[in-house]
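Observations on the three-dimensional arrangement
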Protein chains: 2
Amino acid sequence: MNVRLIDQALVEKCLTMPRAIELMRQAYADLTEGKVDSPLRTALVNEGGTVLYKPAYSSGAGIFCVKVVSVFADNVNRGLPVTPGIIVVNSSETGMPLAILEAGYLTSLRTGAATGIATEVLAPADATIGALFGTGGQSRHQLEAMLCARDFTKIYVFSRKQENAVRFCEENADIAGDCELVANPDRAVLKDCHVITAATTSPTAVFSDDEISDSVHINAIGSLGAERTEVSAETLLRSDVVVDQRAACLKEAGEICLMRDQGLIGDDYHPLEIGEIILGDQSTGERDRPTVFKSVGNAAQDLICSAEIYRYAEEHGLGAQAEL
Amino acid sequence: MNVRLIDQALVEKCLTMPRAIELMRQAYADLTEGKVDSPLRTALVNEGGTVLYKPAYSSGAGIFCVKVVSVFADNVNRGLPVTPGIIVVNSSETGMPLAILEAGYLTSLRTGAATGIATEVLAPADATIGALFGTGGQSRHQLEAMLCARDFTKIYVFSRKQENAVRFCEENADIAGDCELVANPDRAVLKDCHVITAATTSPTAVFSDDEISDSVHINAIGSLGAERTEVSAETLLRSDVVVDQRAACLKEAGEICLMRDQGLIGDDYHPLEIGEIILGDQSTGERDRPTVFKSVGNAAQDLICSAEIYRYAEEHGLGAQAEL
């Protein structure tokens with residue numbers, strides 16, 4: 001039994017952001033059309049953390065995969081990744097294990113790509129000014145995805161700590177190119193922003209409704225869990241809200257759960273799925289109110305990326321072969 | 001991220017049958033005491049086959065694990081294993097992935113060890129004559145486990161094809177030692193058998209109730225699924241039936257499901273768990289009727305074996321290290 005080992009550097013080599021954004025277009029369309037089998041994840045929990053098992057299959061992807069990802073908060077004090085993970089790829093034809101992929105880079109890349117496709121599909125076509133909240137591990141890919149989706153000339157980078165904002169702008173000048181990165185400017189600039197991306201762990205909205213313009217597009221991809229939100233109810237209630245998967249977001253997205261808990265929306269709340277827009281079945285309204293894209297992440301994203309990475313590595317003979 | 005690769009030959013080196021039988025004693029006790037977290041397996045299915053994900057954790061084992069095992073029947077025509085699998089081991093302290101194990105050998109070994117512990121616990125102490133039905137991929141470990149559990153002088157080997165029985169006896173003489181292996185004898189010898197092990201894919205009983213003695217112990221570990229049985233209802237109804245896990249067997253074991261479908265047993269049917277006997281909480285009756293051990297297999301078995309194998313490999317520096 002031969003299994004191809006695809007480490008972090010090789011994942012990076014096999015899948016670029018522009019291609020990952022294309023793949024997200026497909027993944028979300030497949031998800032909306034019910035073409036992806038991604039059963040409920042299984043969680044094993046002990047006193048130190050959680051291990052999550054997220055399997056997925058689609059005939060289009062041509063593989064089975066499962067992401068095994070742990071969440072151990074204390075790892076930060078151990079010099080270890082807080083969410084280490086791998087992905088196991090099995091053949092759709094023979095069931096044979098084909099590959100093991102490092103999952104951390106892929107997760108960050110595909111989460112960026114989600115922001116990328118949402119920005120492509122939902123943001124004003126002539127967007128040039130953006131904002132990015134959060135300078136953590138996933139923010140570089142968020143920035144890169146924004147830059148792929150629109151011709152930004154300026155992106156404001158907000159972080160709670162000034163030095164983090166400055167460092168992030170310095171470290172990411174390489175991908176920004178002609179786009180100017182500005183660390184923690186006066187918040188008045190938010191009114192000028194055509195796109196705002198939030199990738200934080202904030203429990204509450206990172207900007208208030210009166211800080212933003214009526215035609216802004218917002219990507220909210222951070223703050224996981226039913227009790228955290230990056231966007232205020234005021235903004236959400238007057239926006240066109242678009243989600244990655246309705247059932248998952250109604251259950252897990254704090255943006256929605258908190259509004260329901262407060263009685264601001266009813267059980268009939270029905271945000272659009274981005275797949276419905278991609279497929280041309282639905283569209284958002286006039287650009288006289290914000291659009292908000294909320295993603296909680298889906299195994300379909302990992303599936304389609306893993307398939308692409310595996311095939312690229314296979315075709316080019318990349319990655320060590322392990323005999324099991 | 002460093003992951004230890006433990007191939008089939010190394011699994012074999014790290015865990016012997018006598019030790020695996022000891023581990024099954026612990027696994028079944030843990031299972032009965034509710035010390036193992038082994039959620040429902042997840043299945044992904046396509047037109048060619050199924051991939052099963054079976055996660056498990058216990059604080060005693062000190063690891064998380066998931067077995068990823070495929071069932072692709074047509075693989076037999078491709079020269080590939082029909083049930084290829086791997087096990088992913090994660091640290092209970094940090095959640096970090098620690099190892100990837102080949103799972104086919106381990107599955108066969110621990111299924112043998114289940115027969116081993118059941119024979120130790122349930123068979124007549126002075127058992128010397130045995131029978132083994134089935135000469136497929138798992139039968140060598142079934143034989144080895146029987147030999148570990150009792151001092152057999154003779155084991156009758158039954159197969160539908162005479163040449164398979166003969167070949168099996170020849171190929172396994174190495175582990176039989178002084179115990180004589182006899183290929184497909186006259187079935188009258190079944191009356192003399194103290195232990196009968198069935199490891200077949202037969203849809204119906206492989207022996208009739210009038211062929212066996214009243215004091216025989218039977219291990220039924222084959223014929224997976226709610227519609228297949230290796231033991232007749234007549235035998236089961238007059239036997240002390242012991243299972244690996246009650247909830248699983250009431251749902252999945254054909255031996256039980258078929259009797260319930262036929263109205264031979266009611267919803268209150270309550271076989272013993274082998275863990276209850278190991279813990280001393282329950283015992284079978286007088287040896288004036290057969291005992292039947294039915295196992296459908298449990299992730300707890302994989303968990304405890306994977307932990308042992310990983311630790312052995314780690315302590316002895318065995319297995320390649322993959323950088324991911």
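Under an unreviewed UniProt entry, the name given to chain A is Ornithine cyclodeaminase family protein, and the source organism is Oceaniferula flava.

**Topic: the side chain of B:Ser70**
Examined against the element boundaries, B:Ser70 turns out to sit in strand β4 (residues 63-71). In this structure B:Ser70 comes out as buried when scored by relative accessible area, which is 0%. Polar side-chain contacts of B:Ser70 include one of 2.5 Å to the backbone oxygen of A:Gly95. Apart from the residues within four sequence positions on either side, B:Ser70 is in contact with A:Asn90, A:Gly95, B:Thr50, B:Val51, B:Val82, B:Thr83 and B:Pro84.

**With respect to a nonpolar patch on the surface**
All names here are of chain A. Together, Val-71, Val-76 and Val-82 make up a nonpolar patch on the protein surface, roughly 220 Å² of accessible area in all. Tracing the chain through its elements places Val-82 in the loop between β4 (63-71) and β5 (85-91). Classification of Val-82 by relative accessible area gives partly exposed; the value is 32%.

**Overview of unusual backbone geometry**
The backbone of A:Ser223 sits at a positive phi, close to 45°, despite the residue not being glycine. Among the secondary structure elements, A:Ser223 is positioned in the loop between β11 (217-220) and α7 (233-237). According to the relative accessible area criterion, A:Ser223 is buried, its value standing at 4%. One non-glycine residue, B:Asn184, lies in the positive phi region at around 40°.

**A closer look at the packing of helix α2 (residues 17-32) of chain B against helix α3 (residues 104-122) of chain B**
A packed helix pair is summarised by two numbers, namely the angle formed by the two axes and the spacing between the axes. Residues and elements named next belong to chain B. The geometry of α2 relative to α3 is characterised by a closest axis approach of 8 Å and an angle of 75° between their N-to-C directions. By the criterion of interaxial angle, the relationship of α2 to α3 is roughly perpendicular. Touching Met-17, Ala-20, Ile-21, Met-24, Arg-25 and Tyr-28 of α2 are Leu-109, Arg-110, Gly-112, Ala-113, Ala-114, Gly-116, Ile-117, Glu-120 and Val-121, all from α3. Per-class residue counts for the contact of α2 with α3 are 10 nonpolar, two polar and three charged.

**A word on the sheet that holds strand β3 (residues 50-58) of chain A**
Residues and elements named next belong to chain A. Sheet architecture is open: seven strands sit in the order β2-β3-β4-β5-β6-β1-β15, paired in mixed fashion. What marks the edges here is a single partner per strand, and that holds for β2 (42-45) and β15 (320-323). On average, adjacent strands in this sheet sit at an angle of 20° to one another, irrespective of strand direction. Bridging between strand β1 (residues 2-6) and strand β6 (residues 97-102) involves three bridges; their strand directions are parallel. The residue of β6 that forms the bridge with Arg-4 is Ala-99. Contacting β4, β5 and β6, helix α3 (residues 104-122) crosses the sheet at an angle of about 75° to β6.

**Focus: the interface of chain A and chain B**
Taken together, the contact between chain A and chain B spans 44 residues of the former and 44 residues of the latter. Where chain A abuts chain B, roughly 3,500 Å² becomes buried across the two surfaces, and 74% of that area is made up of carbon and sulfur atoms. For the chain A face of the interface with chain B, the top three residues by lost area are A:Leu44, A:Phe64 and A:Leu324, together amounting to 18%. Connecting chain A to chain B are 10 residue pairs in polar contact (both at pLDDT 80 or more). Listed by contribution, the elements that provide at least two residues to the side of chain A that touches chain B are β1, β2, β3, β4, β5, β6 and β15 of chain A. By residue class, the composition of the side of chain A that touches chain B is 26 nonpolar, 11 polar and seven charged.

Thresholds, definitions, all that
Residues numbered from 1 in each chain as written. Chains lettered and ligands numbered in written order. Predicted model: local features only at pLDDT ≥ 70, side-chain atom pairs only at ≥ 80, totals over all residues. Heavy atoms only, no water. Helix = DSSP H or I, 4+ residues; strand = E, 2+ residues; numbered from the N terminus. Buried < 20%, exposed > 50% of the residue type's maximum accessible area, 1.4 Å probe, protein only. Polar contact = N/O pair within 3.5 Å; in protein donor to acceptor, adjacent residues only side chain to side chain. Contact = heavy atoms within 4.5 Å. Patch = residues over 30% accessible without salt bridge, like charges linked within 9 Å, V, L, I, M, F, W, Y side chains within 5 Å. Areas by Shrake-Rupley, 256 points an atom, 1.4 Å probe, with all protein chains shown as cover. Salt bridge = Lys/Arg side-chain N within 4 Å of Asp/Glu carboxyl O. Axes fitted to C-alpha atoms, helices over the stretch in contact; angles between N-to-C directions. Parallel < 35°, antiparallel > 145°, perpendicular 65-115°, else oblique. Nonpolar A, V, L, I, M, F, W, Y, C, P; charged D, E, K, R; others polar. Pairing = 2+ DSSP bridges. Buried area = accessible area lost by both parts, 1.4 Å probe.

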